[in-house]
Every structure is written in C-alpha cells, then in structure tokens.
Amino acid sequence: MQRRARCRVYGYTNSVERFKRRSAAGPNFLACLECNEIGNIAFSNFRSLVLKFKVLPMQAQRPGDILVVDSDGVFTSGLSPVLSACGHTVTVCRTAAEARYELDRFSFDVVLCARHLPDGEGQQLCHELKSSTEGSITPVGLLVSGAREIDEIMYRPSGMVAKRQIERVPPDEYLSRYLPLDEMPARVQTLMRIGRYQEEIANSIGTLMKVAEGIEEQDKRMTGHCKRLSIMAVELGAVLGCDEFQLTALERAGYLHDIGKVAIPGAVISKSERLSPREMEIIQAHCVLGERLCADVAALKPVLPIIRHHHERADGTGYPDRLRGQEIPVLAQILSIPDIYDALRMWRPYRPPMNEAQAIDLLRQEVSRGYWNRLIFDAFIDQVLPGLDERLNSAHVLWPAI
Ligand SMILES: [Fe+2]
Ligand SMILES: [Fe+2]
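Residues numbered from 1 in each chain as written. Chains lettered and ligands numbered in written order. Predicted model: local features only at pLDDT ≥ 70, side-chain atom pairs only at ≥ 80, totals over all residues.

Undergrad: Residue-level account of the overall build of the protein chain, with values.
TA: When helices and strands are tallied, the protein chain shows 16 helices and twelve strands. Scored against the burial criterion, the 402 residues of the protein chain give a buried share of 30%. By sequence separation, contacts in the protein chain at least 24 residues apart represent 62% of the contacts at least 6 residues apart. (Helix = DSSP H or I, 4+ residues; strand = E, 2+ residues; numbered from the N terminus. Buried ≥ 20, exposed ≤ 12 C-beta atoms within 10 Å, placed from the backbone. Contact = placed C-beta atoms within 7 Å.)

Undergrad: Describe in detail the nonpolar core, supporting the description with residues and values.
TA: Within the largest apolar cluster, 37 residues are counted, with the highest numbers of intra-cluster contacts made by Ala 233, Ala 253 and Leu 256. Among the elements that make up this core, the one with the highest residue count is helix α7 (residues 225-239) (seven residues). Non-local contacts of Leu 256, meaning those with residues more than four positions away in its chain, are made with Leu 208, Met 209, Ala 212, Gly 290, Cys 294, Val 303 and Ile 307. Formed by 30 residues, the second largest nonpolar core is a distinct cluster that contains Leu 103, Ala 114, Leu 175 and Val 188. (Core = buried A, V, L, I, M, F, W, Y, C linked by C-beta atoms within 7 Å.)

Undergrad: Residues and numbers for the packing of α7 against helix α15 (residues 374-384), please.
TA: Here α7 crosses α15 at 105 degrees, and the two axes come no closer than 10 Å. The angle between α7 and α15 falls in the class roughly perpendicular. Mapping the contact onto sequence places Met 232, Glu 235, Leu 236 and Val 239 in α7 and Ala 379, Phe 380, Gln 383 and Val 384 in α15. (Axes fitted to C-alpha atoms, helices over the stretch in contact; angles between N-to-C directions. Parallel < 35°, antiparallel > 145°, perpendicular 65-115°, else oblique.)

Undergrad: Tell me about the sheet that holds strand β7 (residues 89-93), and please be specific about residues and values.
TA: Ordered by their spatial adjacency, five strands build an open sheet running β7-β6-β8-β11-β12, and the pairing between neighbours is parallel. Single-partner strands in this sheet number two, and they are β7 and β12 (173-176). Direction aside, neighbouring strands of the sheet carry axes that sit 25 degrees apart on average. Judged from the four bridges that link them, strand β6 (residues 65-69) and strand β8 (residues 110-114) form a sheet pairing that is parallel. What sits directly across from Leu 67, in β8, is Val 111. (Pairing = 2+ DSSP bridges.)

Undergrad: Run through the packing of helix α13 (residues 330-345) against helix α14 (residues 356-368), naming residues and quoting values.
TA: The interhelical angle for the contact between α13 and α14, taken along N-to-C directions, is 135 degrees, at an axis separation of 9 Å. Looking at the two axes, α13 sits oblique to α14. The element α13 and its partner α14 pack so that their crossing is right-handed. Contacts between α13 and α14 pair Ile 340, Tyr 341, Leu 344 and Arg 345 from the former with Ala 359, Leu 362 and Leu 363 from the latter. Counted by class, the contact of α13 with α14 contains six nonpolar, no polar and one charged residues. (Left-handed = near helix turned anticlockwise from the far one by under 90°. Nonpolar A, V, L, I, M, F, W, Y, C, P; charged D, E, K, R; others polar.)

Undergrad: I'd like to hear about the pairing of strand β11 (residues 140-144), residue by residue, with values.
TA: Counting buried positions over the five residues of β11 gives five, a clear majority of the element. Residues Val 140, Leu 142 and Val 144 of β11 are buried on one face, and the alternating residues Gly 141 and Leu 143, pointing to the opposite face, are buried as well. As paired strands, β8 and β11 are joined by four bridges and run parallel to one another. Its bridge partner lying in β11, Cys 113 is registered against Leu 142.

Undergrad: Residue-level account of α15, with values.
TA: Taken residue by residue, α15 has Ile 376, Phe 377, Phe 380 and Val 384 as its buried positions. The arc that holds every buried residue of α15, seen down its axis, measures 105 degrees, which confines them to one face. Away from its buried face by more than 90 degrees, α15 exposes Arg 374, Leu 375, Asp 378 and Asp 382. Of the surrounding secondary structure, the elements contacted by the buried residues of α15 are α7, α13, α14 and α16 (388-394). (Arc of directions from axis to C-beta.)

Undergrad: Lay out the confidence of the model for the protein chain in plain terms, naming residues and giving numbers.
TA: Overall, the predicted model of the protein chain reaches an average pLDDT of 83, with 79% of residues at or above 70. Scored below 50 in pLDDT, residues 1-8 makes 30 contacts in the model with residues more than four places away or belonging to other chains. Low pLDDT (under 50) marks residues 157-166, which in the prediction has ten contacts with non-local residues, meaning those over four places away or in another chain. (pLDDT = per-residue confidence, 0-100.)

Undergrad: Describe helix α6 (residues 184-216), and please don't skip the residues or the numbers.
TA: Helix length check: α6, at 33 residues, gives a terminal C-alpha distance of 48 Å against a target of 48 Å (1.5 Å per residue), a fit within 8%. Of the residues making up α6, those classed as buried are Met 184, Val 188, Leu 191, Met 192, Gly 195, Arg 196, Leu 208, Ala 212 and Ile 215. (Expected span 1.5 Å × (residues − 1).)

Undergrad: Give a detailed account of the environment of Cys 86, specifying residues and quantitative values.
TA: Relative to the elements of secondary structure, Cys 86 occurs in the loop between α1 (73-85) and β7. For the pair Cys 86 and Pro 63, spaced 23 residues apart in the sequence, the C-alpha separation amounts to 7.1 Å. Excluding its chain neighbours within four sequence positions, the residues that come into contact with Cys 86 are Pro 63 and Pro 185.

Undergrad: Provide a residue-level description of unusual backbone geometry, including the pertinent values.
TA: Look at the link from Tyr 319 to Pro 320: it is a cis peptide, with omega at 10 degrees. Position of Pro 320 among the secondary structure elements: in the loop between α12 (304-309) and α13. Not every positive phi belongs to a glycine, and Arg 322 is a case in point at roughly 50 degrees. Position of Arg 322 among the secondary structure elements: in the loop between α12 and α13. Phi angles above zero are rare outside glycine, and His 396 is one such case at about 60 degrees. Following the sequence through the fold, His 396 ends up in the segment after α16.

Undergrad: Would you mind going over the environment of Val 169 in detail, with residue names and values included?
TA: Summarising the element assignment, Val 169 is placed in the loop between α5 (163-167) and β12. Since 17 C-beta atoms lie within 10 Å of it, Val 169 is described here as partly exposed. On a C-alpha basis, the gap between Val 169 and Gln 124 in space is 8.7 Å, while along the polypeptide they are 45 residues apart. Here Val 169 is in contact with Cys 126, His 127, Lys 130 and Ser 131, once residues within four sequence places are set aside.

Here's what the structure looks like:
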C-alpha cells in the first residue's frame, strides 16, 4: 500500500514526498510544499483519501489575483513584473471606469489603487467596492505619495478625523508609491491575509445567520422576523446616534438574537396552550444558549450582550439576569422594542397577528408599566414606524399574510 496525499489547491494526488511534515501538528498532518495547504494524510491507495483541511494563516501565501489601478505607466510597468514573479495574476487599469468594468466581471484578492485617477478619486472607487455585496471583503491598498498625504486624507489640522473620511469606507492600508518595489509583495501578502481572515469571519457569521433563519422555517407564518428586526434595529440605532460599529452589532443581533432556539424542541416553541413552568424555563434558556453558540466567533463579541439580554425589562422582570434600567446594555434595549413590535405583528399559536395600531397601543401600555425605555420607544414610534411597511415591502419581508 502506497502512502499518498491530495493537495486541495492544486488538485493533484501525489506521494508524500511532495508534502512536508509538520511535526507540531502530529505525524499525519502534512502541508503541501507548493501552496502550504495543510492536509490530513491517509495511509491508503488512490481512492481512500481522508483529508481534513484547516484554514491557516499560511493560506495567505497562495498567489492571488491583483488589480492595480493607476495611470502612471512607469509605476505599473515596474510593479506588475515584481508581483507576477511571486505567482500573482496582475491586471492593470488606468482609470476608474476601466477598474469598474473589471470589478463588475471578476473578483480580485487585492486591489491597489492610486489616490488620484484621471476620471475620479481612488477613495471613491474603494468606497464603491467596499459598499457592494461582492466586494465588501476585498482588501484595498490606497497608493499615496507619503506620510504627509496620509495625514492630509485622515486628519484635520486639529487632529480630528475628517468628516468626509468617516462618510466613506476607508481602504485597508495606505501604501507609499515610493516604497522599494521589492517590498510590495510583502505588503500585498499582508492585504491578502486580511482579506482571507475577513472572508473566514464573513463565512462563520453567514453560517450562523443561515441557522437562525432556518429556525423560522419551522413555521411559514413567522418567516422574515430576523431580517425585519435587523432592518428596524439598524434604523432605530441610526436615529439614536449609534456609530457604524454599533449598527453592525445591531444588524447581526437582529439575525442572531434567537439562535439559541435551535436547541429548543419545536413542540415547545409552537405550543398554543399555556406553557408549564418547566417549558417556560426551557424557552427562556434561548438567550444564554444563543450567547454560548456565538461565543467562539471573535467578531461577534459585541453582539453577545445583545443576544443574552434582549428579553430583559427595565423594571427587572425580564430574563435571564433580571437586570434593571441602565444595567441593561443599551444595544439590547434598542433591539428589544422592534423585537416586541415585530412579535406582536406576527401570527402566534395562541393569538392572531395585531395591526400597527394595536401593537403600538400594547407597547405603550408596557412602557407605562416600566418595561421599556420611553426615549427609545418614542424614537421608534416617531422616526422608524412612518413608512416602515413600504420599506419592508420593498425588501420583500413584510409580515406574511395569514
Ligand atoms: Fe428571544
Ligand atoms: Fe425575536
């Protein structure tokens, strides 16, 4: 029996000589000599290959597709061969229009873009790319003349971050175009590593979001709750002055707040009769279970307190920790009101859906009883509810008709 292994990147199956042993990972863990992909090598014939791949930082050493956007022919004709020599595929565009054409058709691992282009600004191109669904995790390096230009872009004379910079999604790195060309491959590798980490994070969060949406599929009359809540929570957060970081946490929490229900039997979730104390305990555990499920994804750290505390009430009668007033994390307070509103508008096994007026009326009574923060409630009623149905309709997540 011959000892063989297969490289996932290059697809070949070959003898272990083509792989190098990684003693730290154990005798069966080897990495491909050409791309560094790690594999669990089986002692077997061609057909029974057991490969257990892990995404490691060394993946970033793989060559990638690089888009260089710069009108300076001397610079690009010097840079391209240096990057190509490292195995990268390099595409050069002279203008923003050419770059948009390429970006519409292909995906790139890294984009290097000059700050000034004949038909626009590199920062604008970066903003457009990072605001798009497909390009949001593509790392962008903005090519600038030097440290002074970086200061000019990022700071006012007083040291405050310029407002126009905040309004645009910034590049991942600023690169001086006067760097020695042989340093550029290392900088490109760093950007590729950033991109691959971002991709891994996006994939992990995306998978959890799909699981959360899958819970809704148990009953078609309750579909769309995650997405509606996400939209409403972000709108409410924006009205209340949350920054981009907090809005991202609210958006993710909209999807993930009830993910702990995945561990709760469907019979308990959809029970129309009064729940027993034990069943109530099981349902209430979804906050803590959800927090635990998401705890291993580092990028979800800001979302964990929202997941745990989205059923707390300001008067201390909520769960799981019976927090009161300002003890409840503010983002959890912001999420709670649209969460309750959406639940009232939805069909439930024990009651028909409420209309807007009925739901507002009940929420108002609960605010008077001290359940919810009045300022957040007022912002929701005055600034989020007007026109909400049309906005949800255009996002195709209006409450399902019964
Ligand atoms: Fe919940
Ligand atoms: Fe919910």
